[in-house]
Structure formats: C-alpha cells, structure tokens
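Given next are the chains, with one letter for each unit.
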Amino acid sequence: MSRAVVRVMSFGLLVLWGVGCDSTDPGEPAEPGTDIVHTADTGEDITRHPGEDTAPDPPFSFEHFSVITSEEVGLVAWLDIAGDVPTLLTVTLEDLGSSLITEVPTSQTPAMKHTPVVMGLHAATSYRIHVTATDGTGASLSDTLDLETGPLPPFLAGLETLISDAERMQPGYTLFSGTVEEETYSAAVDGAGEVVYFSSGLGGNFVPTSAGSYLAETTHGGPLIVTDLRGQSMGATLTPQDYNTPTFHHTPGISPEGNYLAIGVEMRTIDGYPGAGDGTSYNVIGDLFFEIAPDGALLREIALLDLLDPHRTMGGFDNSFWNMDFPAAEGGTKDWSHSNSIASDPLDGGYVVSVLHQNWVVKLNHDTDTLLWRLGPEGDFDLAPGGRWSRIHHGAVP
C-alpha cells in the first residue's frame, strides 16, 4: 500500500514530505475475486472483496488532498481537500503511538472544497489523519495522510505544567502569549498542559472573534488586525491614527454583535493637583474606549476622564510610559488610568474594563456612555468580613 506522508519538520512546522493517496500499488496483484476500480484524478483505488456489497462506485473522486502549512506556525495542519461534487467531510486524528482517536471539527454545509483545521497535535508524535467524504446520494470515499511532528522550539522547550485539574476546566485549549529573549510568541496548551500550537506571527494581546478569527494587537502604535492562527489577514486593519488616538494598547474585546472593542488614549492638561498655590497642572493621560464595526466604521467612543475623578491618583500616576506617544508634552505625562483590558458583558453588551492605575474594574453602559459601577477600594461594593480588594490587576472577563 502507498500512503501520503506529511512530516512535521524541526520545531513542529508542517511540510509536505510525500504525495499520494491510500491506494493499492498497481504493481501488486489483487486477491482472487476482488474488484479494483482506479480513479483518474488521484489514483484512488476502491477494492471490493468477495461477498462484500457491490453498490455502484462513488460518483466522485478526490481531485486534491494536501496540507496547508506556514513557516510561522507549529503543531497545526490546515487540510486542503477538493472534489468534483459537493460533499460533507468526516475527519479524525489518530495518535499512532497511543491509538487515541479524536474527531476534527468540519463544516456541516456540503461543499466541493474543504479546509478543516487539525489541532491538538503534540510535539515529536506520529499521527494519521482519516478523511471520509460523503455526497448527496450517500456514497462515500476515504483517504488518509500521515503526520510526524518535530520538537518544540527552544523558547517553549522549558515550559512546565505545575498544576492540572481537569474537573475544573472547560473544554478547549488555553491560548496565551509571551516573550522569551526578545522573541514574542503565542502558544496554546491542552488540559494536560501540553503545547498544541505556537506561532511567532501572532503575538501580543489578542481575542477570538465569533467568526473563528482573532482580533490582535500588533506593536505599540501599530494597528489592530483581524487574523487567523497563521497570522494571515482575515478582515479590517484598524489603524489608531484613523480614530484620533496615537496608539491602541493592551487587550481588545469583541461585542455580542461581533464588533471590535479597542482601548486608546488621549491627553488633557488638568490643574488642581496638590502643589504650590492653587495647585499643579499635569498632562494627564486617560483611556478612550472604541467600538468599531468589522468594516472599520466607528460606532461609539467613550472617554474615561469624563466618567471618573481625574484627581483620584493611585500607584503608577507618575509613570512616564506615555511620553513616547506625546513627545511634545512639556514636563512629560502622567499615567492616570492605564486600562489593560476591555470586554463585553454578554448579558447586556456593557463594557467591563480593568483600570490598572485606579485599582478598579468598572462597567460602562455602552448605550448611554455612563458609569454603572466600580469594583475595588472606594468603589460601589462592600467586602464581606475578612475580605480584601485585589490591586494592580490585569484582564477582567465578565
């Protein structure tokens, strides 16, 4: 038997190593009494043994069956499957070492071309991908590809799982980003803490969209992009300067309607801070919250300095972080809010924002541009006896 083989080369990158379909070698003699049908496009052989069902041959064939790969992505395979009639696919992933078989999600809409994503691969492991296509008459055709994965890259080789409690986990993978020796990356781990995806093309802060793509921060001052796991564009590129802010920063969000939520900044000169005479003026940096349609249209903008007391200063106020975005600010800038995540409450669409330098998580009414509540010290909630507020927190998800 000949078989297509895909070898995942060094650091888990997928490379097509051999081409062919799961078929009987034309040079091998068939068993007596068997019926071998050879398709013209792929060399697919359908072998029927004596006594088996003699239903008509499937009225279609695989015209194309291969793997889409990316040099920037490891441990993920994008199948590229095309036929001559619309079909539904069933795809399973078999671990040849453990014999564990898992189902690969596929579209439930018949199509002539399919590109399912195979995830859940582990490093240094051999796999077999089984594909069955079924047309509208119920006729089906099957084929396989073999995969071999390489080692993890050096920046992930030392990753260690300390605690794993499957009973407390939701299904799926944990996706995160990080930086090792100035190399920014994203990675995903399964419930056991094993790496099942990594990329140097998708880093920074990002969130999944309802369309299966990701809204990702690129670099400071750079755009937000809509991308797939390979870092390839799948939609609008949102440039902060187009929304009158020098930068988008920290973790964006997605609204229930599929709109994009972004955090920008503005500078206001505000007086009345403790100092000589009537008080001191500072160039105060406050956050702006944008809701942007997938086509790039600005739907709403909220300024945090309009909702919270600018004279409430906590740790971090004297940071010079924003001087690079406002180089003409005489005397530099003050980092008043430094929000680091925005998320949408699925119940009402309100914005839930982590405001780092106020030690608050706040909720905003996105229809009336008003403050609903503040969670944290000096906020709108009382602690139970013995409790204490968290401080200097990061992402807040409702």
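The present account deals with the structure reproduced in this document. (Residues numbered from 1 in each chain as written. Predicted model: local features only at pLDDT ≥ 70, side-chain atom pairs only at ≥ 80, totals over all residues. Heavy atoms only, no water.)

1. Considering the pairing of strand 23 (residues 298-303)
In the sheet, strand 22 (residues 280-292) pairs with strand 23 via five bridges, with the strands oriented antiparallel. Looking at the pairing, I292 lines up with L298 of strand 23. Hairpin remark: strand 22 followed by strand 23, antiparallel, with five residues in the connecting loop; positive phi at G296, about 95°. (Pairing = 2+ DSSP bridges. Helix = DSSP H or I, 4+ residues; strand = E, 2+ residues; numbered from the N terminus.)

2. A short note on empty space enclosed by the protein
Taken as a whole and judged by the stated rule, the model has two cavities of 30 Å³ or more. What lines the largest cavity is simply F60, S61, F62, I81, A82, G83, V85, T87, L89, M112, H114 and A133. Elements with a contribution of two residues or more to the lining of the largest cavity: strand 7 (77-95) and strand 9 (111-114). Sorting elements by how many residues they give to the lining of the largest cavity places strand 7 first, with six residues. Residue composition of the lining of the largest cavity, grouped by class: eight nonpolar, four polar and no charged. (1 Å grid on protein atoms, 1.4 Å probe; cavity = no way out; pocket = protein on both sides within 12 Å on 5 of 7 lines; lining within 4 Å. Points joined across faces, edges and corners; volume = space filled by probe spheres on them. Nonpolar A, V, L, I, M, F, W, Y, C, P; charged D, E, K, R; others polar.)

3. Overview of the sheet that holds strand 15 (residues 195-199)
Strands sit in the order 6-15-14-13 across an open sheet of four strands; the sheet is antiparallel. Strand pairing shows two members of the sheet lacking a second neighbour, strand 6 (73-74) and strand 13 (174-180), which therefore form its edges.

4. Re the sheet that holds strand 19 (residues 233-238)
Strand order in the open sheet formed by four strands is 16-17-18-19, with antiparallel pairing between adjacent strands. Edge positions in the sheet fall to strand 16 (206-208) and strand 19, since each of these pairs with one other strand and no more. The average undirected angle you get between the axes of adjacent strands in this sheet is 15°. Strand direction decides the pairing type here: strand 16 and strand 17 (residues 214-217), joined by three bridges, are antiparallel. When the sheet's bridge partners are listed, P208 is paired in strand 17 with Y214. (Axes fitted to C-alpha atoms, helices over the stretch in contact; angles between N-to-C directions.)

5. Notes on the nonpolar core
Judged by nonpolar contacts, the single largest core of 28 residues is most densely connected at L79, V118, I129 and V131. Listed by contribution, the elements that provide at least two residues to this core are strand 5 (62-68), strand 7, strand 11 (126-135), strand 12 (140-148), helix 1 (154-157), strand 14 (183-189) and strand 15. Here this core gets six residues from one element, more than from any other, and that element is strand 7. Residues in contact with V131, not counting those within four places in the same chain, are F62, F65, L79, I81, L89, T90, V91, L141, S142 and D143. Counting 19 residues, the second largest nonpolar core, distinct from the first, contains I263, L305, L308 and W360. (Core = buried A, V, L, I, M, F, W, Y, C linked by side-chain atoms within 4.5 Å. Buried < 20%, exposed > 50% of the residue type's maximum accessible area, 1.4 Å probe, protein only. Contact = heavy atoms within 4.5 Å.)

6. Some words on the pattern of salt bridges
Side-chain pairing between opposite charges can occur once the charged atoms of the two side chains come close. Applying the stated criterion across every chain yields a total of eleven salt bridges. The partner of E266 in a salt bridge is R268, with the nearest N and O atoms 3.0 Å apart. Its relative accessible area of 17% is what places E266 among the buried residues. Taking the relative accessible area as the measure of exposure, R268 reaches 27% and is therefore partly exposed. Ionic pairing is found between E378 and R312, a salt bridge with its closest N-O pair at 3.2 Å. You can see E378 sitting in the segment after strand 28 (370-375) and its partner R312 sitting in the loop between strand 23 and strand 24 (334-335), a full 66 residues away along the chain. (Salt bridge = Lys/Arg side-chain N within 4 Å of Asp/Glu carboxyl O.)

7. Some remarks on unusual backbone geometry
Despite not being glycine, H338 has its phi angle at roughly 50°, a positive value. Structurally, the position occupied by H338 is in the loop between strand 24 and strand 25 (339-344). Given a relative accessible area of 9%, H338 falls into the buried group. The phi dihedral of N359 falls on the positive side, at around 55°, and the residue is not glycine. Secondary-structure assignment places N359 in the loop between strand 26 (351-355) and strand 27 (360-365).

8. Some words on the pairing of strand 25
In terms of burial, strand 25 is a largely internal element, six of the six residues being buried. Sheet topology places strand 25 next to strand 26; five bridges connect them, and they run antiparallel. Among the inter-strand pairings, S344 is bridged to a residue of strand 26, identified as Y351. Hairpin connection, strand 25 to strand 26: the antiparallel pair is bridged by six residues, and G349 has positive phi, about 80°.

9. Structural notes on the packing of aromatic side chains
Under the definition given, this model contains ten aromatic pairs. Geometrically, the ring pair formed by Y243 and F248 is tilted, given 6.1 Å between the ring centres and 45° between the ring planes. Like Y243, the residue F248 is buried in the burial classification. Measuring from centroid to centroid gives 5.6 Å for W373 and F381, while their planes differ by 80°, and the two rings are edge-to-face. Residue classification places W373 among the partly exposed positions, given a relative accessible area of 25%. Linked through ring pairs, F155, Y185 and F198 together constitute an aromatic cluster. The ring centre of W360 lies 3.7 Å from the NZ or CZ of R312, which sits over that ring. Lying across the ring of Y282, K334 places its NZ or CZ 4.7 Å from the centre. (Phe/Tyr/Trp six-rings, centres within 6.5 Å; stacked < 30°, edge-to-face > 60°. Lys NZ or Arg CZ within 6 Å of the ring centre and 35° of its normal.)

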